[in-house]
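# Close look at the chain arrangement
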Amino acid sequence: MEFPFDLAPVLGERFCVVDQHLRPAGRGGTAKREELEQQLRTVIDELGKASAKAQGLSTPVTSAARMESNRHVLYILRDTRSPKGAVLGFLKVGYKKLFLLDRDGSHVEVEPLCVLDFYIHESQQRRGLGRELFREMLQRERVQPEKLAVDRPSEKLLGFLRKHFGLCDLIPQVNNFVIFEGFFSTRTVPARRPFPRPRPEEPIKPYSLTERDFLREEPEPPWPFNLSRGSPVRGSLRPFLLRRETPAGTPPEPPPRRARYGTGSGGRGGIGAGIGIGAGIGAGVGTGIALGIVLGPILDSVWAHFGISFGSESGFGLGSFWD
Ligand SMILES: CC(=O)SCCNC(=O)CCNC(=O)[C@H](O)C(C)(C)COP(=O)(O)OP(=O)(O)OC[C@H]1O[C@@H](n2cnc3c(N)ncnc32)[C@H](O)[C@@H]1OP(=O)(O)O
């Protein structure tokens, strides 16, 4: 595929890697930077059109504008022997979040590298150039061929994958992506937690209802036990966040304070509540709790005035409801 300009300053070496920034890869030449960028856009657009035509698609899957708005990577293969350097073909890949079925039919959310578009010029097909380009991509992306997902492969591409990489055993999917045996194997850390298998009548729950279930609000206890209570979720996450934010070398944070919304909870203020409960045994639980709340702060300040301490957070009363 030839162009009316020198491809060396636009594409550089035999393999040119282009991302969303569309930077010309070559050096030298007389053209200005903007001109080279425009030439690179022309190359990408023309390659996209040729690939769409070869696959019988009405719209190109690959264009300069699409490249700019996606985080895809384009591998362009160039013939460096011809005077201006013809383009031989290209391969486009990118990471995509997909819901795929494993061999057991369970849905798994993964984000594999996907083959999105692949084209070798008609005059150059079946000469090993596709394999050369594909191998270069595998090496640079550090991925095994069986770990790839392929977006709606043509018959030619299926034959190509079978011949060069032995990929023939498909794992059936309900979307347009094709994966092969080995895709799910030897996963040390699954990319995502597998979805629980849905019951036949139950639709698949969306991402936010499953993965983030643990963030839901817990029911608040009734008054007066809710008075000094923060969000249970924030409370339990806080020590973790503090640990992570503490700069190296500084002493560790003290353990989180016990929440004091339980009857007779630990600490000086809890003694008041304990007495309140004691009175409540005779006068009714409601009165006891009320007395506890009133007496707690008063006794607290009196003892503080005389310098009396019972050791804070020691679980002096009846114990706390929540840690
Ligand atoms: C996700 C997607 O991109 S789907 C779209 C894939 N692209 C296309 O279908 C566009 C048209 N086809 C092409 O551009 C090329 O044929 C490619 C990119 C699929 C393969 O590139 P090539 O340089 O031809 O591959 P290479 O020479 O390395 O390997 C040849 C093998 O590919 C397969 N193949 C290539 N061309 C053909 C063809 N016309 N018919 C059937 N199989 C073919 C065969 O397995 C072939 O082996 P064989 O010649 O022993 O039968």
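Every value quoted in this text rests on a predicted model; they were computed, and no experiment measured them.

Its identity as a non-glycine residue notwithstanding, L22 has a phi of 50 degrees, on the positive side. Judged by its relative accessible area of 4%, L22 is buried. Backbone geometry places R142, a non-glycine residue, at a positive phi of 55 degrees. Mapped onto the secondary structure, R142 falls in the loop between helix 4 (129-141) and strand 7 (149-151). The class for R142 is exposed, based on a relative accessible area of 76%.

The method is simple in principle: a probe with the dimensions of a water molecule rolls over the atoms, and the space it marks as empty is what remains. When its volume is computed, the largest pocket comes out at roughly 1100 Å³. Secondary structure elements with two or more residues in the lining of the largest pocket: helix 2 (33-55), strand 6 (113-120), helix 4, strand 7 and helix 5 (155-165). Top contributing element to the lining of the largest pocket by residue count: helix 5, with seven residues. Of the residues contributing to the lining of the largest pocket, the split by class is 14 nonpolar, 12 polar and 12 charged.

As a further point, take the UniProt feature "site: Crucial for catalytic activity" (unreviewed entry) in the protein chain. In this numbering, the UniProt entry assigns the feature "site: Crucial for catalytic activity" (unreviewed entry) to Q55. Mapped onto the elements of the fold, Q55 is located in helix 2. Residue classification places Q55 among the partly exposed positions, given a relative accessible area of 34%. At a separation of 2.8 Å, a polar atom in the side chain of Q55 contacts the side chain of S51.

Let's shift gears to the environment of T42. Among the structural elements, T42 can be located in helix 2. Every residue in contact with T42, bar those within four places of it in the chain, is listed here: F3 and F5. Within the structure, the side chain of T42 is placed 2.9 Å from the backbone oxygen of Q38, a separation counted as a polar contact.

Evaluated as defined, the whole model comprises eight aromatic pairs. Between the aromatic rings of F118 and F134, the centroid separation amounts to 5.7 Å while the plane-to-plane angle is 50 degrees, which identifies the pairing as tilted. Of the two residues, F118 sits in strand 6 while F134 sits in helix 4, which places them 16 residues apart along the sequence. Looking at F134, the relative accessible area reads 1%, which means it is buried. Put simply, the rings of F118, F134, F160 and F165 pair up and form one aromatic cluster.

The next subject is the environment of L170. Within the secondary structure layout, L170 lies in strand 8 (residues 170-171). On the basis of relative accessible area, L170 is assigned to the partly exposed category, the value being 38%. When the C-alpha atoms of L170 and G182 are compared, they prove to be 9.6 Å apart, with 12 residues separating the residues in sequence. Leaving out residues up to four positions away in the same chain, L170 has contacts with R103, V178, I179 and F180.

The subject of this paragraph is the confidence of the model for the protein chain. In this model, the protein chain carries a mean pLDDT of 72, and residues with pLDDT of at least 70 account for 56%. Below a pLDDT of 50 lies the segment residues 193-220, which in the model reaches 29 contacts outside its immediate sequence neighbourhood of four places, other chains included. Contacts from residues 306-323, a stretch scored under 50 in pLDDT, to residues over four places away or in other chains number 35 contacts.

Once that is clear, we can look at the nonpolar core. If you look at the biggest cluster of nonpolar residues, it comprises 27 residues, and the most contacted ones within it are L91, L133, F134, M137, L148 and L161. Not counting the four nearest positions on each side in its chain, L133 is found in contact with F15, Y75, I76, L77, G89, F90, L91, F118 and I120. Core analysis: the second largest hydrophobic core is formed by 21 residues, L11, V18, L47 and I76 among them.

Opposite charge on two side chains allows them to pair when their charged atoms are near. Tallying each qualifying case throughout the model produces eight salt bridges. A salt bridge links D169 to R103; the nearest nitrogen and oxygen atoms lie 3.2 Å apart. Separated by 66 residues along the polypeptide, D169 in the loop between helix 5 and strand 8 and R103 in the loop between strand 4 (98-101) and strand 5 (107-110) bring together distant segments of the chain. Look at R103 and you get partly exposed, because its relative accessible area is 44%. E136 is the salt-bridge partner of R140, the closest N and O atoms lying 2.8 Å from each other. One end of the pair, R140, and the other, E136, are both in helix 4, four residues apart, so they sit about a helical turn from each other. Look at E136 and you get buried, because its relative accessible area is 16%. Salt bridges here are not isolated pairs; linked through shared partners, they connect R103, D169 and E181.

About the criteria used
Residues numbered from 1 in each chain as written. Predicted model: local features only at pLDDT ≥ 70, side-chain atom pairs only at ≥ 80, totals over all residues. Heavy atoms only, no water. Buried < 20%, exposed > 50% of the residue type's maximum accessible area, 1.4 Å probe, protein only. Helix = DSSP H or I, 4+ residues; strand = E, 2+ residues; numbered from the N terminus. 1 Å grid on protein atoms, 1.4 Å probe; cavity = no way out; pocket = protein on both sides within 12 Å on 5 of 7 lines; lining within 4 Å. Points joined across faces, edges and corners; volume = space filled by probe spheres on them. Nonpolar A, V, L, I, M, F, W, Y, C, P; charged D, E, K, R; others polar. UniProt positions renumbered as here; feature names shortened; annotations may be inferred. Polar contact = N/O pair within 3.5 Å; in protein donor to acceptor, adjacent residues only side chain to side chain. Contact = heavy atoms within 4.5 Å. Phe/Tyr/Trp six-rings, centres within 6.5 Å; stacked < 30°, edge-to-face > 60°. pLDDT = per-residue confidence, 0-100. Core = buried A, V, L, I, M, F, W, Y, C linked by side-chain atoms within 4.5 Å. Salt bridge = Lys/Arg side-chain N within 4 Å of Asp/Glu carboxyl O.

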